[in-house]
Amino acid sequence: MSQDIFDQHPDGEAVAAAASLVPATVPQAQMACHEAQLIGYALSHHVPDMRRGFEILTRHGSWHVDAKPATKMAELMRQHLMQQLETI
């Protein structure tokens, strides 16, 4: 059984990998967790729904995007959100 970074040696010293990592503070970790949840929600709900078409609201009014271009735009949004998820 392999040890992870939370395991300690019997003498109380942390394994070498754990010593090189700096843990996030609680607020930073909570913020990252919340951001990951929002991205996950968008990936599982908004992006699939975009494929059928959607409206874009601008200060000049709304603009309808039909299913054919919407499918391509949804894929671009999925890729963008996956990249954001990797940086959290």
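Conventions adopted
Residues numbered from 1 in each chain as written. Predicted model: local features only at pLDDT ≥ 70, side-chain atom pairs only at ≥ 80, totals over all residues. Heavy atoms only, no water. Salt bridge = Lys/Arg side-chain N within 4 Å of Asp/Glu carboxyl O. Buried < 20%, exposed > 50% of the residue type's maximum accessible area, 1.4 Å probe, protein only. Helix = DSSP H or I, 4+ residues; strand = E, 2+ residues; numbered from the N terminus. Expected span 1.5 Å × (residues − 1). Bend = angle between axes of the 7 residues up to and from the residue. Contact = heavy atoms within 4.5 Å.

**Student:** Just to check I follow, could you spell out the pattern of salt bridges for this structure?
**Tutor:** One side chain can pair with another of opposite charge once the charged atoms of both are near each other. Tallied over the entire structure, the rule returns three salt bridges. Note that D49 is salt-bridged to R52, the shortest N-O span being 2.1 Å. Accessibility expressed as a relative area gives 39% for D49, which makes it partly exposed. Judged by relative accessible area, which is 63%, R52 ranks as exposed. Salt-bridge contacts for R51 lead to E75; the nearest nitrogen and oxygen are separated by 3.6 Å. Taken together, the positions of R51 in the loop between α2 (26-50) and β1 (54-58) and E75 in helix α3 (residues 67-87) put the pair 24 residues apart, joining distant regions of the chain. Given a relative accessible area of 27%, E75 falls into the partly exposed group. Where salt bridges share partners, they join R51, E75 and R78 into one cluster.

**Student:** I'm lost on α2 in this one. Help?
**Tutor:** Its 25 residues give α2 an end-to-end C-alpha distance of 34 Å, which sits within 8% of 36 Å, the value for a rise of 1.5 Å per residue. At A42, α2 shows its maximal kink, close to 35 degrees. For α2, every residue scored as buried is listed here: I39, A42, L43, V47 and M50. On its buried face, α2 is in contact with β1 and α3.

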